[in-house]
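# Structural overview
Each chain, written out:
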Amino acid sequence: MSEANRGAGPPRTARTTDVAERIRAEFRSAGVTGFLHVVDMDTGREVAVAAGEPVVLASVFKVPLLVTFHRQAAGGVLDPSEQVTLRPDERTAGSTGVSALLDEVRMSLRDLTCLMITVSDNAAADAVMDRVGLDAVNAAAAALGLRDTVIEVDGRGLHESLLTDAGAGSVAEVWARLDEPGVMNRLRALDPLRTSRSTPRDMTRLLSMIWRDEAAPPDGCAAMRRLFGLQVWPHRLSSGFPYDDVVVSGKTGTLPTLRNEVGAVEYPDGARYAVAVFTRSLLPTAVLPQADAVIGTAARMAVEALRRP
Amino acid sequence: MVSSLVVNLVGHLRCFVVVAEELHFGRAAERLGMAQPPLSQRIQRLERELGVRLFDRSSRRVRLTAPGGILLDEARDILARVDRVYSVAERARLGEVGTVRAGLPSDLGGPIVAALIAAFRERRPELRLDLRETGTGEQIRALAEGALDAGVVRHPCDTRDLELGPMLGRPLGVLLPAAGDLAAAPEVHLADLGARELVVPPREEAPGAYDELLAGCRRHGYGPAAVHEARHPGFALGLVLAGTAVALVPRTDDTAGVTWRPLAGEPLVWRTSCAWRRAGDPEHARAIADFTTVATAVLRGAAGMTLLDAVPARRVVPRPSSGFLA
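Residues numbered from 1 in each chain as written. Chains lettered and ligands numbered in written order. Predicted model: local features only at pLDDT ≥ 70, side-chain atom pairs only at ≥ 80, totals over all residues. Heavy atoms only, no water.

The name given to chain A in an unreviewed UniProt entry is Serine hydrolase, and the organism recorded there is Actinomadura darangshiensis.

Written out as C-alpha cells, the structure is:
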C-alpha cells in the first residue's frame, strides 16, 4: 500500500467498528466529546472515532514544529547547537520550563526543543518557532502529506487571542469566565476553524513517519522519539498503559476544556501503534482527572482491539 | 462507521460533475468559484472514498475513466434530488415561519408547562407552538440540526453557536423521609448525608449538570454509596419514601411521608437558560425571541428561578498539567 493511501486504510472489520462504539461510550461517560485515531504503524490496521474531523491542536503544534526543526537541521538551514538567549521580559507565558524561570537563560536550540516537548515549555517553543518560522512548519506539514494540518499561530499569539477574546487578564480568569453566556463562542483559540488545527488521522500519519524514520533523516527521527519518550506527564496517554514493559511516548495539548495527546505505544513483541486522541469536556473545570484518564483508556481499548489476531 | 466524507459527499459530487463537464481543472475551479488545489484534493478524496479513479490524468488532457462515466449519471441524479430537497425545504420554511418548535426538560412540571403555553398564546395568538419534552443533551443536538428553534437547557452544556437568554438559578435541597432524624432540622449540611444513596435524573438528559452535581456533592463531603437514575419524579419519590435513597431537587411541597429541606449554604444550584439558533428569517427570529422572552418570564415567576446577574465567580488555580498550553 502506498503511503498516500494509508489514511484510507484497509477495510474495517466488525470488531474495530464495535470497539469504536465502546470508545464513544467511554468518552461520553467521562463527560467529553472525543476524536481518536489509533493505527498499527506496520500493518495499517486502525481504529477510528471521528478521526477525520478538524480538531484544535493546542500544544500538539509543537510536534510539527519539532519535525520542521529537524528537517531544517538536516538541510543545513539551522544549527541545532546554536546558542539562543531568552530574556525574561520577552518570554511566552506558561507554567513550566523556561516560561517559569525568573532570569535570563542561554541555551542551544536543540535543548529548547527538549523542554518544549518534555514539559511543553511555551517560552522554549516560541524561541524555536522564531528561528524555524510558521510558514516553514506549514510547508513541512504539506510536504509530509498532512492535508488537514494548519499552524495559524505561535504560543504567544494564542495567549494574546485567548485573553483578548475572553476580556480576561490571565488564563486562570479565562477558565473562571468560561461559564458566562457567549464567552465560549468568542474564543478563537478553541475553534478548530479559527486556530491551529489538524485531524487525528493527520497526527497518526506524522507520528508513524517519525517512528519509521520518514519524517526526517533517521538521526533526527531518533532524536525526536527520545524527546517524546522523556515527556513527564503521567495523567493521559501513559495512564492507560500501566505496564512496565510497554513504552509510551507522547506530546500533550491543553487549553480550556481541551485535552489532547498524540504519541506512540510500543509493545515488547515489536508491535507499535501511533495514537492521537483529542477531547473537549462539557464541564468548564480545569482539574478533571477523568477527562485526562479517558485519553489513556480509549487508546488502550483501541490498541487491545488491534492486538487481537 | 460513517466516513467523514459522507457529510460533504454532495459538495464533492458537485465538484466531480463540474470537472467531468469541463475536463479541465482550472476551468472547473473557476466555475465553482474555488482555487484549483482544493478542487484537486476534493477529487482525490472522492476517489479514495469510492475506491475508483474517476479521471485519467496521465496525459496532458483530463479524461473521464470508464467508472467515472458510470458514476457521472449517478452523481447528476443525486444532485438533482438534493436541489429538490432545498426547494421543498424553502417552501416548508415559508410555512414554518408561523411555528416555534421548542424543547422543554421533562422535570419542569405540569403547571409550568401550562403557564408557558398560556403566556405564549396571549403574546402571539396567531403562532403555533410545537413543544417537545426533551433533555438538554438532545436539545443541543436538535438545535444544531435545525430540528428545534429554541430550548430550555440546563448548564453546563455545549453552547457554541447558540444564543443564550439570561442565566437563571434554582438552589437544590434534599428530599428526605419525613420520619428520619435529618428531617428534624430546618436545613441539612451536604456532609450530613454521609453515604446515603442518591436518586437523580438520568445522566443522558443533561450530562454536564449531572457531572457538576455529583462533583459538587463530593466537594462538600457527600459521597453517595450508590447513585440511582430515575426518569420519572414519581419513581424517585418512591425510593425516598422507602428510605432507599435521598433526592436533590428544587423546593418541593411536602407530601405524605416526604419532607424537603434546604441545603446549608446553597452549595448546589441548577442553572437554566433559554437557548436558540439565530434564525435567518426576521419574522421567524421575532417569533423565537417572543418565545424565549415568555419562557424566561415563566421560569422566573411560576418556576421560582432567580436571575443570576453574573455567574458566581469561580476560583480557578490551574495546575502545571492543566496550565496554558501544557
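### Some details on the overall build of chain A
The condition is simple: The numbering of helices and of strands both runs from the N terminus, where a helix is a DSSP run of H or I of at least 4 residues and a strand a run of E of at least 2. Using a 1.4 Å probe on the protein chains alone, a residue whose accessible area is under 20% of its type maximum counts as buried, one over 50% counts as exposed, and one in between counts as partly exposed. Here, two residues are considered to be in contact whenever any of their heavy atoms come within 4.5 Å of each other. Per-residue and other accessible areas were derived by the Shrake-Rupley procedure at a 1.4 Å probe size, with only the shown protein chains allowed to occlude residues. Working convention for charge: Lys and Arg count positive, Asp and Glu count negative, and His plus the chain ends are omitted. Charge positions are represented by NZ for Lys, CZ for Arg, CG for Asp and CD for Glu.
The helix and strand inventory of chain A stands at eleven helices and nine strands. When the backbone C-alpha atoms are referred to their principal axes, chain A occupies close to 55 × 50 × 35 Å. Expressed as a percentage of its 309 residues, the buried residues of chain A come to 58%. If you take every contact in chain A between residues at least 6 apart in sequence, the share linking residues at least 24 apart comes to 67%. A total of about 11,300 Å² of accessible surface is found on chain A, and carbon and sulfur atoms cover 52% of it. Charge centroids of chain A, computed over 34 positive and 39 negative side chains, lie 4 Å from each other.

### Concerning the interface of chain A and chain B
Heads up, the rule is: Note: buried area is the sum, over both parts, of the accessible area (probe 1.4 Å) each one loses when the two are combined. When a carboxyl oxygen of Asp or Glu lies within 4 Å of a side-chain nitrogen of Lys or Arg, that pair is called a salt bridge. For this analysis, a polar contact is any N or O atom pair within 3.5 Å, provided that within protein one partner can donate a hydrogen and the other can accept it, and provided that sequence-adjacent residues contribute only side-chain to side-chain pairs.
In this assembly, 52 residues from chain A lie in contact with 32 residues from chain B. Among the residues chain A hides against chain B, the three largest losses belong to Arg147, Asp179 and Leu282 of chain A. Together they make up 17% of the total. One can count one salt bridge joining chain A with chain B. Between Asp179 of chain A and Arg271 of chain B there is a salt bridge whose closest N-O contact spans 3.0 Å. Viewed at the interface, chain B and chain A are joined by twelve residue pairs in polar contact (both at pLDDT 80 or more).

### Remarks on the nonpolar core
Residues and elements named next belong to chain A. In plain terms, the rule: We call a set of buried Ala, Val, Leu, Ile, Met, Phe, Trp, Tyr and Cys residues a nonpolar core when their side-chain atoms join them within 4.5 Å.
The biggest cluster of nonpolar side chains holds 76 residues, and the ones touching the most others in it are Leu112, Ile210, Leu255 and Phe278. Looking at this core element by element, the count peaks at seven residues for helix H4 (residues 122–132). Those residues within four positions of Ile210 in sequence are excluded, and the remaining contacts are Val63, Val67, Ala215, Cys221, Met224, Arg225 and Phe228. Membership of the second largest hydrophobic core comes to 32 residues, among which are Val277, Leu288, Ile295 and Val303.

### Some thoughts on the sheet that holds strand S8 (residues 173–177) of chain B
Hydrogen bonds between backbone groups are what pair the strands of a sheet, and the pairing can be parallel or antiparallel. Residues and elements named next belong to chain B. The cut-off we apply is this: Pairing between strands is defined by DSSP: at least two bridges between the two strands are required. To get an axis, a line is fitted to the C-alpha atoms, and for a helix only the part in contact is used. The angle between two axes follows their N-to-C directions and goes from 0 to 180 degrees.
Overall, mixed pairing links the five strands, which are arranged S10-S9-S11-S8-S12 in an open sheet. Here the strands that pair on one side only, and so sit at the sheet edges, are strand S10 (227–229) and strand S12 (258–262). For this sheet the average axis-to-axis angle between neighbouring strands, irrespective of direction, equals 30 degrees. Direction of pairing for strand S9 (residues 197–200) relative to S10: parallel, over a ladder of three bridges. Pairing of Val199 across the sheet is with His228, part of S10.

### Quick notes on the UniProt feature "domain: Beta-lactamase class A catalytic" (unreviewed entry) in chain A
Cut-off, in case you're wondering: UniProt positions are given in the numbering used here, feature names are shortened, and annotations may be inferred rather than shown by experiment.
Here the UniProt feature "domain: Beta-lactamase class A catalytic" (unreviewed entry) sits at residues 36–279 of chain A. Each end of residues 36–279 of chain A is marked by a C-alpha atom, and these two atoms are 9 Å apart; helix forms 37% of the span and strand 19%.

### Focus on the packing of helix H2 (residues 62–74) of chain A against helix H10 (residues 218–229) of chain A
Residue and element names in this part refer to chain A. Here is the rule: Reported orientations rely on four angle classes, namely roughly parallel under 35 degrees, roughly antiparallel over 145, roughly perpendicular from 65 to 115, and oblique for the rest. Each crossing gets its handedness from the near helix: less than a right angle anticlockwise from the far helix is left-handed, clockwise is right-handed. All residues other than Ala, Val, Leu, Ile, Met, Phe, Trp, Tyr, Cys, Pro, Asp, Glu, Lys and Arg, Gly among them, are scored as polar; the first ten of these are nonpolar and the last four charged.
At a minimum axis separation of 9 Å, H2 and H10 run at an interaxial angle of 150 degrees. On the basis of the axis angle, H2 is roughly antiparallel to H10. Of the two possible hands of crossing, H2 and H10 adopt the one that is right-handed. Contacts between H2 and H10 pair Val63, Leu66, Val67 and His70 from the former with Gly220, Ala223, Met224, Leu227 and Phe228 from the latter. Split by residue class, the contact of H2 with H10 holds seven nonpolar, two polar and no charged.

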